[in-house]
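# Architecture at a glance
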Amino acid sequence: MSVTEQTLAELLRAANAGDGQAYARFLLAVTPVLRTVVQGRGRVLDRAAQEDVVQDVLLAIHMKRHTWRADAPLKPWLYAVARYKVADAFRRLGVGRLHLPLEDFADALESAPAPEPLAARDADRLLGQLDPRSASIVRAAHLEGEETAAIGARLSMSEGAVRVALHRAMKRLAVLAGGKVS
Amino acid sequence: MKTPMKTNDLIASLTHRAEAAPAPEAAPILLRSLAAGLPALVLLLLALGLRADLAAAITAPQLWHKFLLPPAIAATAALAALRLMRPEARLGALAPLLLALLAAGTLPGLWRLAHLPSEAMAPAVMGKTAPQCLVFLVGLAAIPIVTALSGLRAGASTRPGLSGGLAGLACAATAASGYALHCPEDDPVFFAIWYMGALVLCTLAGLMLGRRRLAW
């Protein structure tokens with residue numbers, strides 16, 4: 001299954017209307033596409049430098065997300081932003097003048113995994129060992145970036161109770177993960 | 001897989017307090033840029049006065065270049081600069097249209113100049129008011145250029161220099177549209193040298209400013 005342009009467009013539309021969860025899903029879905037393009041074109045860079053470029057592009061998407069018109073196709077916008085920042089970063093890193101054809105992005109987008117990155121799958125495995133209520137609080141707060149107040153309102157808990165439950169759940173997760181999760 | 005996690009942290013921090021991101025609007029940028037230049041233009045016209053034969057001049061077909069070209073160039077350049085606020089935008093038909101307008105302001109004058117007897121060249125070029133026109137136009141456009149560029153920063157032009165240049169051109173052409181109401185010079189030679197010269201200078205200024213101010 002690959003990310004469709006329509007899904008991405010819907011996510012960014014919701015994100016630009018203020019939906020933080022949709023926004024997180026949008027960026028998580030776009031990241032592997034960017035990574036594929038950057039790794040393909042920036043082979044002389046090491047992995048960390050490539051990831052820095054990916055993060056540059058994500059930041060640019062963040063800063064400029066309002067310049068996408070909700071009724072316009074998403075791909076050309078996304079490619080243009082990514083291309084501008086990747087070219088910029090490669091120039092700065094001395095990779096040289098960049099030939100970055102749009103087809104790179106199209107191919108990467110076609111072959112991108114569904115918006116379910118490895119990190120999230122790991123988290124799912126761990127969260128599965130918590131009780132469902134704690135798991136949903138952790139997922140909302142840490143993976144989807146929901147405010148604790150909003151979580152409280154949704155689960156009819158006080159914000160303080162959500163914080164306590166979140167804290168306990170994170171301690172429990174740390175134990176489950178062998179003390180590696182802070 | 002350490003690095004992807006770091007990237008996911010970045011995403012979490014970007015989206016945690018994400019607010020609605022409304023699209024930038026063209027109208028406030030245009031209005032602010034106009035407002036930035038209007039007081040100086042009004043003062044200048046009050047000080048220098050409108051040309052005495054304005055009503056007749058503005059309808060004279062041989063003066064089309066003077067009264068129609070600057071607003072047409074201003075509108076086209078402004079439209080192009082606003083369009084480029086979207087990263088995926090292309091100028092499309094605006095580019096040849098703008099080039100045609102610029103050619104229409106320059107070529108007839110230069111053609112006429114080249115065919116003048118040599119002793120008539122200097123008077124045609126200098127007119128009666130020559131350097132003041134250039135100074136006024138650049139001076140009138142300066143603050144609006146800065147204002148327009150700060151408005152365009154809300155966009156994401158992938159060609160910051162071009163965007164800045166178009167903004168500079170739009171501001172200078174707007175200034176020329178106003179100054180033409182005073183300016184008594186009617187020779188296309190004068191227009192091609194001084195009006196178009198001011199437009200070129202402001203375009204270059206916008207281009208250089210835009211490269212720095214509109215990069216992201």
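About the cut-offs
- Residues numbered from 1 in each chain as written.
- Chains lettered and ligands numbered in written order.
- Predicted model: local features only at pLDDT ≥ 70, side-chain atom pairs only at ≥ 80, totals over all residues.
- Heavy atoms only, no water.
- Helix = DSSP H or I, 4+ residues; strand = E, 2+ residues; numbered from the N terminus.
- Buried < 20%, exposed > 50% of the residue type's maximum accessible area, 1.4 Å probe, protein only.
- Contact = heavy atoms within 4.5 Å.
- Areas by Shrake-Rupley, 256 points an atom, 1.4 Å probe, with all protein chains shown as cover.
- Phe/Tyr/Trp six-rings, centres within 6.5 Å; stacked < 30°, edge-to-face > 60°.
- Buried area = accessible area lost by both parts, 1.4 Å probe.
- Salt bridge = Lys/Arg side-chain N within 4 Å of Asp/Glu carboxyl O.
- Nonpolar A, V, L, I, M, F, W, Y, C, P; charged D, E, K, R; others polar.
- pLDDT = per-residue confidence, 0-100.
- Patch = residues over 30% accessible without salt bridge, like charges linked within 9 Å, V, L, I, M, F, W, Y side chains within 5 Å.
- Axes fitted to C-alpha atoms, helices over the stretch in contact; angles between N-to-C directions.
- Parallel < 35°, antiparallel > 145°, perpendicular 65-115°, else oblique.
- Left-handed = near helix turned anticlockwise from the far one by under 90°.
- Expected span 1.5 Å × (residues − 1).

## A look at the overall build of chain A
- When helices and strands are counted, chain A shows nine helices and zero strands.
- Taken from N to C terminus, the helices and strands of chain A fall in the order α-α-α-α-α-α-α-α-α.
- Counting only residues that meet the buried cut, chain A has 48% of its 182 residues in that class.
- Taking all contacts inside chain A whose residues are at least 6 apart in sequence as the whole, residues at least 24 apart take part in 60%.
- Accessible surface computed for chain A: about 9100 Å², of which carbon and sulfur atoms make up 53%.

## Looking at the packing of aromatic side chains
Residues and elements named next belong to chain B.
- All chains considered together, the criterion is met by five aromatic pairs over all chains.
- Taken together, a centroid distance of 4.8 Å and an interplanar angle of 20° make the contact between phenylalanine 191 and tyrosine 195 stacked. With phenylalanine 191 and tyrosine 195 both in helix H10 (residues 188–213), this residue pair falls four residues apart, about one helical turn.
- Assessed through its relative accessible area of 4%, phenylalanine 191 is described here as buried.
- Here the aromatic residues Phe136, Tyr179, Phe191 and Tyr195 are joined through ring pairs into a cluster of three or more.

## Some thoughts on the interface of chain A and chain B
- Chain A puts 38 residues into the contact, and the matching count from chain B is 34 residues.
- Between chain A and chain B, a total of about 3000 Å² is buried, with carbon and sulfur atoms accounting for 64% of that surface.
- Interface area lost by chain A to chain B is led by Lys64, His66 and Tyr84 of chain A, which between them contribute 21%.
- Viewed at the interface, chain B and chain A are joined by zero salt bridges.
- Considered class by class, the residues forming the side of chain A that touches chain B number 18 nonpolar, ten polar and ten charged.

## Considerations on unusual backbone geometry
- Unlike most non-glycine residues, serine 156 of chain A shows phi in positive territory, near 40°.
- Residue class for serine 156 of chain A comes out exposed when judged on its relative accessible area of 70%.

## Here's the deal with the environment of alanine 148 of chain B
All names here are of chain B.
- Within the fold, alanine 148 resides in helix H8 (residues 130–152).
- Classification of alanine 148 as buried rests on a relative accessible area of 8%.
- Considered as a pair, alanine 148 and glycine 168 are 20 residues apart in the sequence and their alpha carbons are 8.3 Å apart.
- The contact partners of alanine 148, leaving out residues within four places of it in the chain, are Ile29, Ser33, Ala167 and Cys171.

## Description of the confidence of the model for chain A
- The pLDDT averaged across chain A works out to 78; a share of 74% of its residues lies at or above 70.
- Low pLDDT (under 50) marks residues 114–119 of chain A, which in the prediction has ten contacts with non-local residues, meaning those over four places away or in another chain.

## Some words on a nonpolar patch on the surface
- A cluster of nonpolar side chains, Leu38, Val42, Leu43 and Leu46 of chain B, forms an exposed patch at the surface whose accessible area comes to about 410 Å².
- Within the fold, leucine 38 of chain B resides in helix H2 (residues 26–48).

## Looking at the environment of arginine 35 of chain A
- Within the secondary structure, arginine 35 of chain A sits in helix H2 (residues 20–41).
- You can call arginine 35 of chain A buried: its relative accessible area is 17%.

## Some words on the packing of helix H5 (residues 69–83) of chain B against helix H9 (residues 160–179) of chain B
Residues and elements named next belong to chain B.
- At their nearest, the axes of H5 and H9 sit 8 Å apart, and the two run at 155° to each other. Considering their axes alone, H5 and H9 lie roughly antiparallel with respect to each other. The hand of the H5/H9 crossing is left-handed. Within the contact between the two elements, H5 uses Pro70, Pro71, Ile73, Ala74, Ala77, Ala78, Ala80 and Ala81 and H9 uses Ser163, Leu166, Ala167, Leu169, Ala170, Ala173, Thr174, Ala176 and Ser177.
- Here the contact of H5 with H9 is composed, by residue class, of 14 nonpolar, three polar and no charged.

## Focus: H9 of chain B
- Taking 1.5 Å of rise per residue, the 20 residues of H9 of chain B would be expected to cover 28 Å, and the 28 Å separating its terminal C-alpha atoms lies within 8% of that figure.
- Counting buried residues along H9 of chain B, 17 of its 20 residues qualify, which places the element largely inside the surrounding structure.

## Re the pattern of salt bridges
- Tallied over the full model, the rule gives ten salt bridges over all chains.
- The closest approach of N and O atoms between aspartate 71 of chain A and arginine 69 of chain A, which form a salt bridge, is 3.5 Å.
- Judged by its relative accessible area of 66%, aspartate 71 of chain A is exposed.
- Residue classification places arginine 69 of chain A among the partly exposed residues on the basis of a relative accessible area of 38%.
- A salt bridge links aspartate 187 of chain B to arginine 112 of chain B, with the nearest nitrogen and oxygen atoms 2.8 Å apart. Taken together, the residues aspartate 187 of chain B in the loop between H9 and H10 and arginine 112 of chain B in helix H6 (residues 94–114) connect sequence positions 75 residues apart.
- A relative accessible area of 36% places arginine 112 of chain B in the partly exposed class.
- When salt bridges with common partners are traced through the structure, they connect Arg51, Asp53, Lys66 and Asp186 of chain B into a single cluster.

## Quick look at the environment of alanine 215 of chain B
- Topologically, alanine 215 of chain B is positioned in the segment after H10.
- As for alanine 215 of chain B and arginine 159 of chain B, which are separated by 56 residues in sequence, their C-alpha atoms are 8.1 Å apart.
- For alanine 215 of chain B, the residues in contact, after removing those within four places along its chain, are Tyr84 of chain A together with Pro160 and Gly210 of chain B.

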